[in-house]
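One letter stands for each residue in the lines below.
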Amino acid sequence: MTPKRRRLWGECSLTAPSMLWLLVFFLLPTLIILAIALKPADPSGGIADGWTWHTLFSLRNPNYPEIIFRTVWLSAVTTTITLAVAIPISYYIARCKPWKRDLVLFLTIIPFWTSFLIRIFAWKAVLHPDGILKSILVFCHLASPDTLLLYRPEAVLLVMVYTELPFAILPLYAAAEKFDFSLIEAAMDLGAGRLRAFFSVFIPGVYNGLLSACLMVLIPSIGSYVIPDVVGGIGSQMIGNVIAQRTFVDRNLPAASALAAVLTLVMIIPLIYFLRGKKTADSGPTPAKEVV
Amino acid sequence: MIKQSKLPGMLTWATLLFFYLPIILLVINSFNASRTGGSWGGFTLKWYEQLFSAREIWHALRNTLVVAVIATAASTIIGTTAAIALHRYRGRIQNAHYFLVYTPLVVPEILLGISMLLFFVALKVNLGLTTVILAHITFCISYVAMAVLSRLQDFDVTIIEAARDLGANSWTTTWSILIPVIFPGIMAGALLAFTLSIDDFVISFFVAGPGSTTLPIHIYSMIKRGSMPLINALSTILLAITFLAILAYQIISRHNRPQED
């Protein structure tokens, strides 16, 4: 074998397993979403033969615009709050003494590795009508006994921020750790105020970490399903809930796949924007878990 | 040195409190004899007793471990070869390869779940433990590949060239140099895959069939059915395991660090 052919053979044998696997089990299923949206539903929960436009027309459901708007709105607010909290935290961790930094990172990582369902359930227990938070609020006369803390959009927002915060802190910390803090001192020596130095020097300095964190929070938020399902009510349904409802309750897979196509469209806009923003930087956004 | 603002520090500790308060309350309530948890009804272990006698939980745990072990083994191998290919070669094939490996990381779980469900239904595959395992391997490959890739990026390629110059063939360089050097990355990737597989609910829920209930699916149905004290007890056990595992991992990795540096 010539060296060139040997190299090609080596590349193929190393690339083929993952490439073929992901083509079959990731790309093909993703493309199937579009095809199945054009198929008629089978009453027993399967997919019938033939083609139809019927399912796509069902997307004109008058409830959908509101649900899509709510999905985008809740995700955007979650991302904003999460980043607003995570940026000062990453700044603090990066400037800490090493022992304190290890402690704070350790305490941030634990919820990160803890079961997602358990963390959501813990909040359901806190917000429950017989739960502790309501007892305290009623005791302090901050809420009347018939206030409902659970099953409303604010509860969904709170729990989304709670579950997404570690995902924002870790990539931001990874960026802040590489930031040269003497630049802030230099800016202040040159007369910048503390806030000015923070916003004009630190924020641009961790820009790539900020983009990663934004992506890590926004995309899963848009696809949220468990949180609104467990702590939200009918008034806080998101696209993910409707997909699950069509799949498990109505057993109408074509309708579920039409909605999944809508979700893909909603999600792809920020995704392309972020990936283009990142291209100018060194490499793709690092998954936050890698930091661990 | 300029005096620092106290605000970020206060915010950090307040956030940590926010992280842990619900979890601490959950642990306390798992010993609470009162069913609802709004008030203290005395200390009890009865929820733990009920938990250990629930047969479905043990069945679900067994399913979860079977899925996690197989998915971790397969995705660690496939993910590692993917990372080596991405690191070693450049060009159009690898660009497409990188796109395929990277995209599953940013696609919401619900889309991965529904697309794989539709795929299996379209092919008339019966849903069960096999479909759950196939789905888990798929999403774990990307995480393993990224963990190994980040390790490879610190790897000094000239060592391989030096070995080649000294007469080593590619088999020897791979098994005697490359794999030992990136081994911590492979282990980190495998650990990540194992944890993600054990914890995954959304994707499993979509592709699971009758009899393939995993622990997260079971917990979800418990949350829905509303047997709250039992979930408190189960969660406390899982939290304790997670905490010990992370602590062990931190101690081991700290122990190894001075040798690496």
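Parameters and conventions
Residues numbered from 1 in each chain as written. Chains lettered and ligands numbered in written order. Predicted model: local features only at pLDDT ≥ 70, side-chain atom pairs only at ≥ 80, totals over all residues. Heavy atoms only, no water. Helix = DSSP H or I, 4+ residues; strand = E, 2+ residues; numbered from the N terminus. Buried < 20%, exposed > 50% of the residue type's maximum accessible area, 1.4 Å probe, protein only. Contact = heavy atoms within 4.5 Å. Areas by Shrake-Rupley, 256 points an atom, 1.4 Å probe, with all protein chains shown as cover. Phe/Tyr/Trp six-rings, centres within 6.5 Å; stacked < 30°, edge-to-face > 60°. Buried area = accessible area lost by both parts, 1.4 Å probe. Salt bridge = Lys/Arg side-chain N within 4 Å of Asp/Glu carboxyl O. Polar contact = N/O pair within 3.5 Å; in protein donor to acceptor, adjacent residues only side chain to side chain. Nonpolar A, V, L, I, M, F, W, Y, C, P; charged D, E, K, R; others polar. 1 Å grid on protein atoms, 1.4 Å probe; cavity = no way out; pocket = protein on both sides within 12 Å on 5 of 7 lines; lining within 4 Å. Points joined across faces, edges and corners; volume = space filled by probe spheres on them. Core = buried A, V, L, I, M, F, W, Y, C linked by side-chain atoms within 4.5 Å. Patch = residues over 30% accessible without salt bridge, like charges linked within 9 Å, V, L, I, M, F, W, Y side chains within 5 Å. Axes fitted to C-alpha atoms, helices over the stretch in contact; angles between N-to-C directions. Parallel < 35°, antiparallel > 145°, perpendicular 65-115°, else oblique. Left-handed = near helix turned anticlockwise from the far one by under 90°. pLDDT = per-residue confidence, 0-100.

Colleague: Is there a simple way to explain the overall build of chain A in this structure?
Modeller: From N to C terminus, chain A includes 13 helices and 0 strands. Starting at the N terminus and ending at the C terminus, chain A contains elements arranged as α-α-α-α-α-α-α-α-α-α-α-α-α. A principal-axis box enclosing the C-alpha atoms of chain A has dimensions of 80 × 70 × 30 Å. Put simply, chain A has 292 residues, and 53% of those count as buried. In chain A, once contacts between residues fewer than 6 apart in sequence are set aside, the share between residues at least 24 apart is 70%. Surface summary for chain A: the accessible area is close to 13,800 Å², and the carbon and sulfur share equals 67%.

Colleague: Before we go on, may I ask you to explain the packing of aromatic side chains in this structure?
Modeller: Given two aromatic rings, their pairing is described by the distance between the two centres and the angle made by the two planes. Residue and element names in this part refer to chain A. Counted by the stated rule, this structure contains 27 aromatic pairs over all chains. Judged by centre distance (5.1 Å) and plane angle (85 degrees), the ring pair of F179 and F181 falls under edge-to-face. Look at F179 and you get buried, because its relative accessible area is 9%. Relative to F199, the ring of F198 has its centre 5.3 Å away and its plane inclined at 90 degrees; by these criteria the two rings are edge-to-face. The class of F199 is exposed, set by a relative accessible area of 53%.

Colleague: How should the interface of chain B and chain A be read in this particular structure?
Modeller: Interface extent is often summarised as the accessible area lost during association of the parts. Taken residue by residue, the interface counts 88 residues in chain B and 93 residues in chain A. Buried surface at the junction of chain B and chain A, both sides included, amounts to about 8,300 Å², of which 79% is carbon and sulfur. Counting across the chain B and chain A interface gives 1 salt bridge. Linking chain B with chain A are 12 residue pairs in polar contact (both at pLDDT 80 or more). Among the elements that make up the side of chain B that touches chain A, the one with the highest residue count is helix α1 (residues 7-29) of chain B (14 residues). Partitioning the side of chain B that touches chain A into residue classes produces 63 nonpolar, 20 polar and 5 charged.

Colleague: What exactly am I supposed to notice about the pattern of salt bridges here?
Modeller: Proximity of charged atoms lets side chains of opposite charge pair with each other. Enumeration according to the criterion identifies 5 salt bridges over all chains in this entry. For R95(A), the salt bridge identified is with E185(A), shortest N-O distance 3.7 Å. With R95(A) in helix α3 (residues 64-95) and E185(A) in helix α8 (residues 182-189), this residue pair connects regions lying 90 residues apart in the sequence. A salt bridge links D229(A) to K224(B); its shortest N-O distance comes to 3.3 Å. In this pair, D229(A) sits in helix α11 (residues 226-231) while K224(B) sits in helix α10 (residues 215-225), so the two residues belong to two different chains.

Colleague: Can you walk me through the layout of surface pockets in this structure?
Modeller: Taken as a whole, the second largest pocket encloses approximately 960 Å³ of empty space. Around the second largest pocket, the lining is made up of 29 residues, and of these L14(A), R88(B), Y89(B), S170(B) and T174(B) lie nearest the centre. Mapped by element, the contributors of at least two residues to the lining of the second largest pocket are α1 (3-36) of chain A together with α3 (55-88), α7 (158-165) and α8 (170-199) of chain B. Across the lining of the second largest pocket, the residue classes break down as 16 nonpolar, 8 polar and 5 charged.

Colleague: Can you help me understand the nonpolar core in this one?
Modeller: One broad trend across soluble globular proteins is that nonpolar side chains are buried collectively. One finds F202(A), Y225(A), V231(A), I243(A), I114(B), L152(B) and F201(B) to be the most contacted residues of the largest nonpolar core, which totals 176 residues. With sequence-adjacent residues up to four places away left out, F202(A) is seen in contact with I87(A), S90(A), Y91(A), A176(A), F179(A), F181(A), I184(A) and A197(A).

Colleague: What's the story with a nonpolar patch on the surface in this structure? I'm lost.
Modeller: The grouping of I24(B), I28(B), W40(B), F43(B) and L45(B) at the surface amounts to a nonpolar patch, some 540 Å² of accessible area in total. Considering the arrangement of structural elements, one finds W40(B) in the loop between α1 and α2 (46-52).

Colleague: Looking at this structure, I do not really get the side chain of T79(A). What am I missing?
Modeller: Looking at the element boundaries, T79(A) is found in helix α3. In this structure T79(A) touches C214(A), V217(A) and L218(A), once residues within four positions along its chain are discounted.

Colleague: So what exactly am I meant to see when it comes to unusual backbone geometry here?
Modeller: Negative phi characterises most residues that are not glycine, and trans characterises most peptide bonds. Residues and elements named next belong to chain A. Not every positive phi belongs to a glycine, and Y151 is a case in point at roughly 60 degrees. With respect to the secondary-structure elements, Y151 resides in the loop between α6 (132-139) and α7 (153-178). Of the residues examined, Y151 reaches a relative accessible area of 40% and is grouped as partly exposed. If you check the backbone angles, R251 has positive phi at about 55 degrees while not being a glycine. Among the residues examined, R251 registers a relative accessible area of 42% and is labelled partly exposed.

Colleague: Would you mind going over the packing of α1(A) against helix α4 (residues 92-106) of chain B with me for this structure?
Modeller: Two quantities define a packed helix pair, namely the angle between the axes and the distance from one axis to the other. Orientation of α1(A) relative to α4(B), taken along the N-to-C sense of each, is 45 degrees, at an axis distance of 10 Å. What the angle tells us is that α1(A) and α4(B) run oblique. Relative to α4(B), the crossing made by α1(A) is left-handed. Together, E11(A), T15(A), S18(A), M19(A), L22(A), L23(A), F26(A) and L27(A) of α1(A) and I93(B), Q94(B), A96(B), H97(B), L100(B), V101(B), T103(B) and P104(B) of α4(B) make up the contact between the two elements. Across the contact of α1(A) with α4(B), the residue classes tally to 10 nonpolar, 5 polar and 1 charged.

Colleague: How should I be thinking about the confidence of the model for chain B in this particular structure?
Modeller: Atomic detail in the predicted coordinates should be set aside for any region of low pLDDT. Residue and element names in this part refer to chain B. Residues at a pLDDT of 70 or more form 93% of chain B, whose mean pLDDT is 87. Mean pLDDT values for the elements of chain B range from 77 in helix α11 (residues 228-260) up to 95 in helix α9 (residues 202-207). Interface confidence for the predicted complex, given as ipTM, is 0.87, next to a pTM of 0.87.

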